[in-house]
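Structure at a glance
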Amino acid sequence: MPQNFDIPILLLIFNRPELTQNIFNQIRIAKPLYLYVAADGPRNGKEDDYVNCQKTRDIINQVDWDCNVKTLFRNENLGCGLAVCSAISWFFNEEEAGIILEDDCLPHLSFFSYCKELLNKFKEDEDIFVISGTNLQNGNKRGNDSYYFSNYPITWGWATWRRAWKHFKYEIREVEKIFVSGTLDHAFQSKAEKTFWQKKLKQAELHKEHIWDYQWFYAVWQNKGLGITPETNLIVNIGFDKNGTHTFLRDSIREPSSLNSIQYPLKHPPKVINQIADFYTFKNAFSHSPSRIFRLIRENGLLTFLKYTIHKFVQF
């Protein structure tokens, strides 16, 4: 990793000091010149939050390299929808491009240089919206290049530009009308996939306080944007536990266990969506297909799976 890494990084934190320390340790090795840190405030009635939020924020005091640090520490809790997207907007009010890491997204060191190269390569290409570090293909190779193009802008360790984020809207409207019009049909390979995302985006329209990433998917799809997925997994989500807001159900596809290095020099593919990879992502990481449900029951046990299902039902 070269010294004086000049791509700005946004670190999103809350109340998990142990996880945040792991992510910070990788950032410290990268030694970015510009580090932005945004923290949501403690939740009312959660006494542990006040202690844990402060412990998490204190980790930033460990910056011991030449670095311009900017912080957005909130006194009140905005929730995992508004807190995240408003922090990203704050970041891109200051920077033209950058990397976004949440407190549970542990990057391989090669993730940073991978993002830098592709942020520079596609700086002026308005078709590209997201450079993701997460690969959900479960070891399946999708060609001989370093990455592939996708309709799925996965945001567990990612990078983008102000020019792309400007399309994001936290409050989305008329989802059903948009789906009926066929405006988003280019993003889906089947009626089942379209129906699934229509329901999910309707949830985001009605319950935005819990969600920001589906609104981002919506913005990408409305603008016919593309995501970039690395040919190997560069991010491990270490937040699949009882303290996670959305990720306490274990899922071997959405929780890749291997953290790999991408090989250089990068090999660039033609700008064509890899439909085989996207079909696999939908079927195995998002859909409610019987095969995925049975796998989740097998990996978590029936009782845990039922608790998760009830939690999601009550939430929405």
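Owing to the predicted nature of the structure, the values given are computational and were not obtained by experimental measurement. (Residues numbered from 1 in each chain as written. Predicted model: local features only at pLDDT ≥ 70, side-chain atom pairs only at ≥ 80, totals over all residues. Heavy atoms only, no water.)

Description of the overall build of the protein
The secondary structure content of the protein amounts to 11 helices and 10 strands. Buried residues in the protein amount to 53% of all 316 residues. Within the protein, contacts between residues at least 6 apart in sequence are counted, and of these 82% link residues at least 24 apart. Carbon and sulfur atoms make up 50% of the accessible area of the protein, which totals about 14700 Å². (Helix = DSSP H or I, 4+ residues; strand = E, 2+ residues; numbered from the N terminus. Buried < 20%, exposed > 50% of the residue type's maximum accessible area, 1.4 Å probe, protein only. Contact = heavy atoms within 4.5 Å. Areas by Shrake-Rupley, 256 points an atom, 1.4 Å probe, with all protein chains shown as cover.)

Quick look at the side chain of Arg-16
Within the element layout of this structure, Arg-16 appears in the loop between strand S1 (9–13) and helix H1 (17–30). Separated by 3.0 Å, the side chains of Arg-16 and Asp-103 make a polar contact. Separated by 3.2 Å, the side chains of Arg-16 and Asp-104 make a polar contact. (Polar contact = N/O pair within 3.5 Å; in protein donor to acceptor, adjacent residues only side chain to side chain.)

Details of the packing of aromatic side chains
Taken as a whole and assessed by the stated rule, the structure comprises 32 aromatic pairs. Centre to centre, the rings of Trp-158 and Trp-165 are 6.3 Å apart; their planes meet at 50 degrees, and the pair counts as tilted. In this pair, the class of Trp-158 matches that of Trp-165, namely buried. In this structure, Lys-121 is placed above the aromatic ring of Phe-122, and the distance from its NZ or CZ to the ring centre is 5.5 Å. Sitting over the ring of Trp-161, Arg-163 keeps its end group 4.1 Å from the ring centre. (Phe/Tyr/Trp six-rings, centres within 6.5 Å; stacked < 30°, edge-to-face > 60°. Lys NZ or Arg CZ within 6 Å of the ring centre and 35° of its normal.)

Here we look at unusual backbone geometry
Residues Tyr-264 and Pro-265 are joined by a peptide bond in cis, for which omega reads 0 degrees. For Pro-265, the position within the fold is in the loop between strand S10 (235–237) and helix H9 (275–286). Within the chain, Asn-138 stands out as a residue other than glycine whose phi angle is a positive 55 degrees. Relative to the helices and strands, Asn-138 is located in the loop between strand S6 (128–132) and strand S7 (147–150). What makes Asn-138 exposed here is its relative accessible area of 51%. The phi dihedral of Glu-174 is positive, around 55 degrees, even though this residue is not glycine.

A few points about the environment of Arg-28
Inspection of the secondary structure puts Arg-28 in helix H1. Separated by 35 residues in the primary sequence, Arg-28 and Val-63 have C-alpha atoms spaced 7.2 Å apart. Once residues lying within four places of it in the same chain are set aside, the contact partners of Arg-28 are Gln-62, Asp-64 and Trp-65.

Here we look at the pattern of salt bridges
Evaluated as defined, the whole model comprises 13 salt bridges. We note a salt bridge from Asp-49 to Arg-43, for which the minimum N-O separation is 2.7 Å. The shortest N-O distance in the salt bridge between Lys-194 and Asp-185 comes to 2.9 Å. Where salt bridges share partners, they join Arg-16, Asp-103 and Asp-104 into one cluster. (Salt bridge = Lys/Arg side-chain N within 4 Å of Asp/Glu carboxyl O.)

A few points about the confidence of the model for the protein
Averaged over every residue, the pLDDT of the protein is 91; residues scoring 70 or more account for 89%. Ranking the elements of the protein by mean pLDDT puts helix H11 (residues 302–315) last with 66 and strand S8 (residues 158–161) first with 99. (pLDDT = per-residue confidence, 0-100.)

Side note on H9
Across its 12 residues, H9 extends 15 Å between first and last C-alpha, which sits within 8% of the 16 Å expected from 1.5 Å per residue. The N-cap of H9, judged by a side-chain oxygen 3.3 Å from the amide nitrogen of Ile-276 a few residues on, is Asn-274. (Expected span 1.5 Å × (residues − 1).)

As for the environment of Thr-155
With respect to the helices and strands, the residue Thr-155 is situated in the loop between S7 and S8. In sequence terms Thr-155 and Val-130 are 25 residues apart; their C-alpha atoms lie 8.0 Å from each other.

A closer look at the packing of helix H7 (residues 191–206) against helix H8 (residues 213–222)
With their axes 9 Å apart at the nearest point, H7 and H8 run at an angle of 120 degrees to one another. What the angle tells us is that H7 and H8 run oblique. Regarding H7 and H8, the two cross each other, and that crossing is left-handed. Every residue of H8 that contacts H7 at Trp-197, Lys-200, Leu-201 and Ala-204 is listed here: Tyr-214, Gln-215, Phe-217, Tyr-218 and Trp-221. For the contact of H7 with H8, the residue count by class is seven nonpolar, one polar and one charged. (Axes fitted to C-alpha atoms, helices over the stretch in contact; angles between N-to-C directions. Parallel < 35°, antiparallel > 145°, perpendicular 65-115°, else oblique. Left-handed = near helix turned anticlockwise from the far one by under 90°. Nonpolar A, V, L, I, M, F, W, Y, C, P; charged D, E, K, R; others polar.)

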